[in-house]
Structures are given as structure tokens and as C-alpha cells.
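So you can see what is in the structure, the chains are spelled out below.
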Amino acid sequence: MSAPTLTRPGGRVLEKAAEADAPRRGGATRRRTAGTVLIVLAVVAYLVFRTDGAPDSDDAAAFRFFDSVRDWVDANRDTSPFFLYGINYVRLGVRLLVDVVQAGLYGLGFAGLVAAVSAIALVLAGWRTGLLAFLGFLAFGVLGLWDESVDTLVLTLSAVLLSVLIGVPLGVLAARVRWVGATLRPVLDVMQIMPTFAYLAPMTLLFLIGEPAAVIATMIYAVPATIRITALGISEVPPTAVEAATALGSTRWQLLSKVRLPMARTTLALAVNQTIMLALSMVVITALIDAPGLGQNIVNALERVNVGAAFNAGVAIVILAVVLDRITTNAARQTRIHHARRSRLIQTGIAIVVVIAAALVTINPESLPQWSAAAPVNDLVGWIELHWFDATEGIKNRVSEFLLNPLESVLVTTPWWLFVAAVAAFGTLVSGWRAALIAALSAAGIAGLGLWQHSMQTLATVLVAILLTMVIGVSVGVFCARHDRLATAVRPVLDAAQTMPSFVYLLPAVALFGNSRFTAIVAAIIFAVPPVVRLVERGVRDVPPTVVEAALSAGSTPRQLLWKVQLPMARGGLLLAANQGIVMVLAMVVVGGLVGAGALGYDVVAGFSQRELFGEGLAAGLAIVLLGILLDRLTQGFHDSKGPRR
Amino acid sequence: MTPMIAVADLWKVFGPRAERVPGSALADLPRAELRARTGCLAAVRDVSFEVRPGEVFVVMGLSGSGKSTLVRCLTRLIEPTSGEISIGGEPVRAMTPKRLRDLRRRQVAMVFQHFGLLPHRQVLDNVAYGLEIQGVTKAERHRKATEMLALVGLDGQEHHYPDQLSGGMQQRVGLARALATDPEVLLFDEPFSALDPLIRRDMQAEVRRLHAEVGKTLVFITHDLAEALTLGDRIAVLRDGELVQVGTPEELVGAPVDSYVADFVRDVPRSDVLTLRWIVRDPAPGELVEDVPLPHGTVIRDAVHRVMRAERPIQVVDGEKRLGVIDADQMLAALVSHHRQVPA
Ligand SMILES: Nc1ncnc2c1ncn2[C@@H]1O[C@H](COP(=O)(O)OP(=O)(O)O)[C@@H](O)[C@H]1O
Ligand SMILES: [Mg+2]
């Protein structure tokens, strides 16, 4: 998703990287020596102390603790005041919201809903988007997935409503009240690196499985973007307009409602857009905690290794994503254009009449001509298995044999204290002691959870995936930066890729490589390469043209220009890309637990479905969060090496 | 007559623990040294002046001299550090937030260098904004706004959006917005600096016309001397936050108090600004003069014709009082030398 890109604007980071250059130069040699010494030490320590990598016990203290928490909650759900007067009301409230939205959408009926969505798109975003919405929603009927699509839409809209209700006021406060902003920032930082899976188990513990838990998990996932982008929009309102309104005697409330909010409306529309896209991506995943909708089709189909059926639902999700994205982005764009009020009123009036008329018509979506992607896709997958087996197996085995297995066995056989020490030492070197301390504590926490082997397996997969992602992403990004024509061709693909819900990326990977660890790596690469390409391209393009000109006039070859000028100067962009990429890769690798990647992701999924594995699942979720913090903190320092971020 | 605006010992210091600066030993340090010692920046230093009702009071100074800060202190858009301000006889610093809002709503309006229009509102609603936040009904405020737009020559543009207008027209909207609430005092912070020279001249004429028509008290900030001279009844010169000189255009050009002011006015054609009293000489004993004297308030340029053609020196009088005489020698010196020697 592009939310993190928006909220961590590259400009700021690049600036810092440039600043960091000067003081760093003196210490560079010293750091290099220290790095070498540390590596030698770590290797020696590993050779002396390595373990035989015993598998994780399935009865660790942490699991038992979480199980007992679950038992306590189950026993007290209807008696403890915390639940009676708090959590249970939240659940009832959210349930009510979902029911109202659901009644509204189902009440419109097939024809009514298609008409309503098209009309909204038409009025807010123009006739092209209206047409797109119309065809898109018809397609749900044609694909035979009408009810599932509406269910997904219901959950998404409910979560978006909640996120906007909570996120916009918080965003305004964060922008206007200094201590609120300062308090929220680190919280949002952590929330944004939390992989989707990690939210699910705690939500089921508090809210049971089903729609309310799904909506709340989705809201928690999406609301950081709402808050951040709202705050950004409010703080970007030109102070001159605010000052002029103040000089005329506006109250604080008048300033907010008549100046700040209206002037930030384009950014607010973008906040809603990002919230919707994040919410949709999460809603699909909440199928794992029994939320209805298209996600169910994918999960069930993947369990039966029916790629075709999963693909069919995937197509519906992509259509929904594209329609919602187009409506909101174009609506945001339209906020910049001044319309004649009257023509807009007339348009709205006609639209309402048409929608009401359509709502009175009963059409059964199953009476539409039906088409499913399942059969052709399954044929294709069969064909691939038949003809490409050698190639795909070759790639898979090569990567496993030369990258994944060696790395995994080293990590798994490293004693936990050596790992913690190595994280602390290298962390201090690249990110400053504060970040290193947090990273080392996370590492120690992982060890304490009793899932050492699984965590290290997941880590190995993540490292291999990020390595491949960076190689591919940097090559493509540099290429795009140097060839404008290519960049123009690739950009819409990248745009589209960034609006896809993450779940969808599993499908092509499964089609090619079946169920395996490698499938997760491929999905992670497909998922994370687009943002990496973007950040790298921007980093290279941001190199000042005067510098490039100077280097060319000194007689540099294109290759020298790239290696000696553009890449070193784009370092900030590259490192930011690595940081963003690694967080996305982790999220995807974990989801890969569904398609044979095993390790932590599988533990989490198993925790939902089998009662006796609940504690282990929750522990795995926590391990994922800690792994995320560890990786983020370590790479954060790349582009801010003077010290930890404030 | 009570002054419309009275400012006494006004200080504005930006920076940590700013309130300790005024009145202490630190107050006497030059700006740069104060900054180096305390990290505080004294944007306005111990400024006092009075503005009479109906007067056009111009504040002039180089960029960074504290003009914007000073004018914003008047309605506490920037909170002063110390000193007294009163508007219409009422002390501004003692006002409650509610009373202060009322002052801004009804008594004092401001026009900004960068217009500060609201891009999401049509011109009409921009002009009506001040009335809207006072709770005036829609019909009434639109009527008033239409009237103001006509006054500044923007009839027919009501339903455009600010970004559809040129810079000059946008500033006319700013002007109409300030006039819409019918305030007693208008504050202008370099309102025309962002405009092209030709349009700037138009707008200056517009302000002169409006001042003649509606007769309000104007405080006008500018860094452009020509603008100050054409508009100002009196001009205050600000340097590094301090008032260097306050006086009529003539006093500034004829008797700059120091080299800073002298530098400012050195390129002004003196004969356009100064009156005869600045160039008279004592009559030689027994010198014969023309019969008809000249009044002392005549601008030099307007007297050129007569003096040059006269055969004898002409007397300059202030009523009954004889100030001295002038002849072609004085005239030529005044016409030729723009650069008067700086007084010690
Ligand atoms: N909010 C502020 N914080 C700190 N310094 C300020 C602030 N506003 C203005 N200044 C400083 O005060 C001095 C006077 O500024 P200003 O009043 O804008 O000057 P002018 O309008 O004459 O150009 C400048 O040196 C400026 O940097
Ligand atoms: Mg200024």
C-alpha cells in the first residue's frame, strides 16, 4: 500500500541522509573496522557455541500462560465488569453498525445497489468512473459471487466508517495539539509495522470470532493511515489563510470548520481512499476469524488447493479494489475543481430518483449470464505443472538449496543469547544504541516465547525474500529512472499493484509453485517489489540534475554515472526502500503460512482453528510483532544513522 | 483629540523566556548580540507612536525590521511581550478573548501581503466571511458583500473562485473583505508587494480614493519608499525593531535623523517632496525682493516657474512671518542635488 510512503515522505528522509554525511565521514573507517571485528567474533562464537537446533516444544510456558488467559476470559466473559460494561458493549455497538450497513446494502437489492454505486461514482467522480463502477458491480453477479462481494463491502464500509469517526478527530488533534501528536507518533509507528496476522488472535480473544472482531481488527489496521494523512492535511493548510480568518475574529471552532477542514479536503479525501484500500485488504484476511465474504472463498479454495476457485474470488476482490479506489481518488481530484452548484444538485436529484426506482426492481444476480475464472485457471495451472515443472522446480530447489536452507540452518542453530548479542552489536553500529536496545529486547522476547525455531525459519524466509526483492526492485527502479518511456509504461502497473489487497498476491505464486515455503517468498516479492521500485526510481531521479551534468561533463560513462554518482546519492531512497520492503515482506511471508510456508504464519492460523493450539497461536502472533519491530528498528537506522529517530 | 491607536513602549521578543528581556540590561544589547547571548530575537523594541483618527500612518523599513510583527501586535495576532496598546481609547492587552474577537470582527480589519483568501469559497463568500462568522443572515451579508465588490471595482466577479482571478483582483477581494465589516481601522501589511508595478500603482490610487470616500484610519506597512510617500500622512521608519524617526514625508526627506533614514530617502527627487521653507536663505541686508511673496507650503517644483523668471529674490512667508527669500541659486541647487550631505 502506498500509505507508508505518504506518511514517511521521502523528502524528509533524504534530507536527513544528506545531513548525516558530514559527521559520518570521519568515523567511516572506524566503523568499518568495528564491523569486521564484530563479524569475525560472531562467526567464532557461532562455531564454538552452535546448538543442534532442537525443535520447539509445544508446551512452552508462554503458550500455557496465553491458554490460561483465554480460559480466564472465557470463564469471566459474562461476569467481569471489564467485559460486561466495556468490551461487550463495544462488540454490540459494532455488531449494530454492521447490521445497519448490511440491512442498507441488502435492502437495495441487486439492481438498487448496482445503481447506487454507479450513481455515487457518477456524481462524485465523473461518468467514466460511474461506468466502471456499473460494470464492476455487474461483474460480481456474473462471477457468481454477488452475496460474498456484498458481505466484503459491508465489512469494509463498517470498518471505514469507524476509522473515519475515530481517525479524523484524532488526526486533527495530532496536528493541532503538540503533545497529542508527540504521543501518537510512536504508537502509529508500531501499529503500521504490525503484520495483519498479528491483530487477529487478540481480537478473537476479546470479541470472539465473527464480524465485530473482524471490523475492529480492520479498523485498527486502517486507522493509523487515517490519522496520519488527516494530520498531514491539516498541518499543510496555508497559515496565511488561517491568519486572515483569525484577524476577522473567527473562533477556534470556526477556524476548524470553515477554514482548516475545507482547505484540507483533498488530503482528507485521500485519507479516506487509503483507509478504504487498507480496510479492504484486511477484511479479506479476517476470513480466518470467520468473517464472511470473498476472503472465505479464497481460504477454502486454498485449503483444497483449488487455485481456480481462489482465483475467481481474487478477481472479484481486485474489481472491488479498483472500483473503490477509482471512486475515491477521482472524487479527491474533483474536490480541486469548482462545479456549478446547480448542475450538481440536478445530477444528484436524478441519481437519487434512478436509485430508488432501481431498488424497487427485483433482479436475481444468478439470472445473469454466468462466467467463472475457475475452470480456465485450473486448466492453466495444470498446463504449467505439466510443462514448466522442471523450470519452477529448478528455481525453487536452487533457491532452497543455496540460500534458504543454509541460512535457515545457521539461524536455527544459533543459540538465542548469541543472536540477541549480535542484534545488539550490529544494531548499535548501524542504528544507534537506542534502536539496537529495542531490537535486542525484541529478539530476547522472541526467545522467551518458546518459538525459537519457527521464528528463525520465518526470519530466514524473510531475509531471502527481501534480498531477492531488493535485487529485482533496485534493477527495475534504476532502469525506470533512466528510461522515461519504460517508466511511463510501468507506472500504471505499479499504481494498480499498490491498490491490490495483499491476499491476492498469493494466488499467482501458488499457481506457479504450488504449496511450499518458496511460494511465500514469491508472493512476498510480488507484493513488495512495486513500492521498492517506486522509492528507488524516485531516489535516483531526485539526484540534482546539476550534479549529473557535472559528472557527464567530466567524461563519466553511463555506467560510471550510475555507480559513482546516482546510486550513492540515492542512498537515502534505497535504504528507505529496504526498510519499507522488509516490513511488507514479513507481512506476506506470514500470510504464506496458509500455503505451505509453515513456521510462525502456520502457528497463527492453526491457533484460530484448533482450540488446544490457541496459546501457541497467540505466542506466534506476538513473535511476529517482535520480529517486525526488530527488523524495522535495525533497518530504520540505515537512513538515520546519527541516532534513533525521535 | 484622543488618538485612534496609541502604542507605548511596545516590545515583542521571540524566543525562550522572552519576557525577561524588556526592562532588563539585555534590552540595551544590539539585536545580534542579544540573539547570540540568549537565543531571543527582539523583533519590536520599545516602540511608541500614536495614530490620529482618519490619518494614514505608514510604517516603513527593510525586510526583517519588524514591520509585520508590529502590525500584528496591534490586534494581538502576535501576543506582545510588554508595553501598552490602545485602540479607540480601550487597552487591547487587557481584553478578554471574547472582547478581542469582537474588536477584530467590528473595529479593526486587515489586508495581507499574500491575500489569505479561502480557495474553497467563491469571491462573494470570501468577502462575506467576516459577516458570516458574526452570524449575519445570508441575504444581508451577500447584499453587503456585493456592495463592497462594487466599491473596489469587482462587480460581476462574485461567483468566481479566487484562483480564477489575477493577483491584483485577488487583493481587491482582500480589500473588499476588510471593508465589509465596516471597521474603523484598516491595517495593511505590504498589501501590494506581491503585485506588478503597474497594478501596484492602480491599487495605490484605489487606496487613496477609498480613504477619501470612506475616511477610515489606515495603518499601512510597506518597504517601498515611493508608496510610503504617496500614501502617508505620516511615516514611521523602523530599523531592527526600533523606531528611528516618525514624521511627515517632508520631514523625512528634508531632515533625516541619521544615515539609515538618509539612505532610504536619498533617491527621492527632493524638489517633488520638499516645500520652499527647506531652501530659504536669509535676505542680505537691504536686498530688494519681489512684491508678491510665496507661501511656505508650496512644493519646490511648483515654484520653479516663478522663481526662475523673477528678476529679484522672492520672499517666503508663513502667514505674516517672513521665513527668508529664495532665488535661482537655491532653486537650482534643490533641483540638481538629490544627495544631500548626511547630517552628523
Ligand atoms: N514567529 C517568529 N518566531 C521567531 N522569529 C520571528 C517570528 N516572526 C518573525 N520573526 C523574526 O522577527 C524579525 C522581524 O520579522 P517581520 O516582522 O516579519 O519583519 P518584516 O515584516 O519587517 O519583514 C525577523 O528577523 C524575523 O525572522
Ligand atoms: Mg513582513
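In this text the structure is predicted, and so the values were computed from the model without any measurement. (Residues numbered from 1 in each chain as written. Chains lettered and ligands numbered in written order. Predicted model: local features only at pLDDT ≥ 70, side-chain atom pairs only at ≥ 80, totals over all residues. Heavy atoms only, no water.)

### Description of the sheet that holds strand 3 (residues 56–61) of chain B
All names here are of chain B.
Then comes step 1: What the six strands build is an open sheet, ordered 6-7-8-3-9-10; its pairing is mixed. Since the sheet does not close on itself, it has two edges, and those belong to strand 6 (108–111) and strand 10 (242–247), each with one partner. For this sheet, the mean inter-axis angle between neighbouring strands, taken without regard to orientation, is 15°.
Then comes step 2: Relative to strand 6, helix 3 (residues 97–107) is tilted by about 70°, and along the sheet it contacts strand 6 and strand 7 (185–189). (Pairing = 2+ DSSP bridges. Helix = DSSP H or I, 4+ residues; strand = E, 2+ residues; numbered from the N terminus. Axes fitted to C-alpha atoms, helices over the stretch in contact; angles between N-to-C directions. Contact = heavy atoms within 4.5 Å.)

### Points about the packing of helix 7 (residues 178–193) of chain A against helix 9 (residues 211–235) of chain A
Residue and element names in this part refer to chain A.
Then comes step 1: For the pair helix 7 and helix 9, interaxial distance at closest approach is 9 Å and the crossing angle is 135°. It follows from the interaxial angle that helix 7 and helix 9 lie oblique. Considering only the axes of helix 7 and helix 9, their crossing is left-handed. For the pair helix 7 and helix 9, the contacting residues are Leu184, Arg185, Leu188, Asp189, Met191 and Gln192 in the first and Ile220, Val223, Pro224, Ala225, Ile227 and Arg228 in the second.
Then comes step 2: Taken together, the residues of the contact of helix 7 with helix 9 break down into eight nonpolar, one polar and three charged. (Parallel < 35°, antiparallel > 145°, perpendicular 65-115°, else oblique. Left-handed = near helix turned anticlockwise from the far one by under 90°. Nonpolar A, V, L, I, M, F, W, Y, C, P; charged D, E, K, R; others polar.)

### Focus on the pairing of strand 3 of chain B
Residue and element names in this part refer to chain B.
Then comes step 1: Judged by how many residues are buried, strand 3 sits mostly within the fold: six of six residues are covered.
Then comes step 2: Burial along strand 3 is two-sided: the residues Val56, Val58 and Met60 and Phe57, Val59 and Gly61 are all buried.
Then comes step 3: Strand direction decides the pairing type here: strand 3 and strand 9 (residues 234–239), joined by five bridges, are parallel. Residue valine 59 lies in a different strand from strand 9, and its bridge partner there is alanine 236. (Buried < 20%, exposed > 50% of the residue type's maximum accessible area, 1.4 Å probe, protein only.)

### Section: empty space enclosed by the protein
Residues and elements named next belong to chain B.
Then comes step 1: Tallied over the entire structure, the rule returns five cavities of 30 Å³ or more.
Then comes step 2: Approximately 70 Å³ is the volume found for the second largest cavity.
Then comes step 3: Residue lining of the second largest cavity: Leu175, Leu179, Leu186, Phe188, Val207, Leu210, His211, Val214, Lys216 and Leu218, and that is the complete set.
Then comes step 4: The set of elements that each furnish at least two residues to the lining of the second largest cavity consists of helix 7 (167–180), strand 7 and helix 8 (197–214).
Then comes step 5: Among the elements that take part in the lining of the second largest cavity, helix 8 stands out by supplying four residues, more than any other. (1 Å grid on protein atoms, 1.4 Å probe; cavity = no way out; pocket = protein on both sides within 12 Å on 5 of 7 lines; lining within 4 Å. Points joined across faces, edges and corners; volume = space filled by probe spheres on them.)

### What to know about the packing of aromatic side chains
Then comes step 1: For the structure on display, the rule yields nine aromatic pairs over all chains.
Then comes step 2: On the basis of an interplanar angle of 85° and a centroid distance of 5.5 Å, the ring pair of B:Tyr260 and B:Phe264 is categorised as edge-to-face. Placement of both B:Tyr260 and B:Phe264 in helix 11 (residues 259–265) is noted, with a separation of four residues, approximately one turn of the helix.
Then comes step 3: Given the relative accessible area of 14%, B:Tyr260 is considered buried.
Then comes step 4: The structure contains a cluster of three or more aromatic residues connected by ring pairs, namely A:Phe110, A:Phe137, A:Phe140 and A:Trp146. (Phe/Tyr/Trp six-rings, centres within 6.5 Å; stacked < 30°, edge-to-face > 60°.)

### Considerations on the interface of chain B and chain A
Then comes step 1: Contact residues are listed per partner, giving 25 residues for chain B and 19 residues for chain A.
Then comes step 2: Between chain B and chain A, a total of about 2,000 Å² is buried, with carbon and sulfur atoms accounting for 60% of that surface.
Then comes step 3: Taken together, the connections running from chain B to chain A amount to two salt bridges.
Then comes step 4: Linking B:Glu132 and A:Lys258 is a salt bridge whose minimum nitrogen-to-oxygen distance equals 2.5 Å.
Then comes step 5: Here chain B is connected to chain A by seven residue pairs in polar contact (both at pLDDT 80 or more). (Buried area = accessible area lost by both parts, 1.4 Å probe. Salt bridge = Lys/Arg side-chain N within 4 Å of Asp/Glu carboxyl O. Polar contact = N/O pair within 3.5 Å; in protein donor to acceptor, adjacent residues only side chain to side chain.)

### Observations concerning unusual backbone geometry
Residue and element names in this part refer to chain B.
Then comes step 1: The backbone of arginine 76 shows a phi angle near 60°, a positive value even though the residue is not glycine.
Then comes step 2: Within the fold, arginine 76 resides in the loop between helix 2 (67–74) and strand 4 (82–87).
Then comes step 3: Backbone geometry at aspartate 182 places phi at a positive 55°, although glycine is not the residue there.
Then comes step 4: Topologically, aspartate 182 is positioned in the loop between helix 7 and strand 7.

### Some details on the UniProt feature "domain: ABC transporter" (unreviewed entry) in chain B
Then comes step 1: Per the UniProt record, "domain: ABC transporter" (unreviewed entry) is found at residues 24–265 of chain B.
Then comes step 2: Across residues 24–265 of chain B one finds 42% helix and 21% strand; the C-alpha atoms that close the span lie 34 Å apart. (UniProt positions renumbered as here; feature names shortened; annotations may be inferred.)

### Digging into a nonpolar patch on the surface
All names here are of chain A.
Then comes step 1: A surface patch of nonpolar side chains, amounting to about 610 Å² of accessible area, comprises Val40, Val44, Val48, Phe49, Trp416 and Trp417.
Then comes step 2: Those elements that provide at least two residues to the nonpolar patch are helix 2 (10–49) and helix 18 (416–448).
Then comes step 3: For the nonpolar patch, the element with the most residues is helix 2, which contributes four residues.
Then comes step 4: In this fold, valine 40 is placed in helix 2. (Patch = residues over 30% accessible without salt bridge, like charges linked within 9 Å, V, L, I, M, F, W, Y side chains within 5 Å. Areas by Shrake-Rupley, 256 points an atom, 1.4 Å probe, with all protein chains shown as cover.)

### Details of the site of ligand 1
Residue and element names in this part refer to chain B.
Then comes step 1: Around ligand 1, the surrounding shell consists of Phe14, Arg31, Leu41, Ala43, Leu62, Ser63, Gly64, Ser65, Gly66, Lys67, Ser68 and Thr69.
Then comes step 2: Backbone polar atom of glycine 66 to an oxygen atom of ligand 1: 3.1 Å apart, as the coordinates give it.
Then comes step 3: Note that an oxygen atom of ligand 1 is positioned 2.5 Å from one of the side-chain N or O atoms of threonine 69.
Then comes step 4: Calculation on ligand 1 without its partners gives an accessible area of 560 Å², and the protein chains cover 59% of this total.
Then comes step 5: Within the residue set of the shell around ligand 1, elements represented by two or more residues are strand 2 (41–51) and helix 2. (Near = heavy atom within 4 Å.)

### Brief notes about the domain arrangement of chain A
All names here are of chain A.
Then comes step 1: Along its sequence, chain A is carved into domain 1 (75–378) and domain 2 (451–642).
Then comes step 2: For domain 1 versus domain 2, the distance between C-alpha centres works out to 26 Å.
Then comes step 3: Taken residue by residue, the interface counts 33 residues in domain 1 and 30 residues in domain 2.
Then comes step 4: Across the domain 1 to domain 2 interface the summed buried area is about 2,600 Å²; carbon plus sulfur atoms make up 87%.
Then comes step 5: Inspection of the region where domain 1 meets domain 2 yields zero salt bridges.
Then comes step 6: Taken together, domain 1 and domain 2 are joined by zero residue pairs in polar contact (both at pLDDT 80 or more).
Then comes step 7: In the side of domain 1 that touches domain 2, the residues fall into 26 nonpolar, six polar and one charged. (Domains from an automatic or database assignment.)

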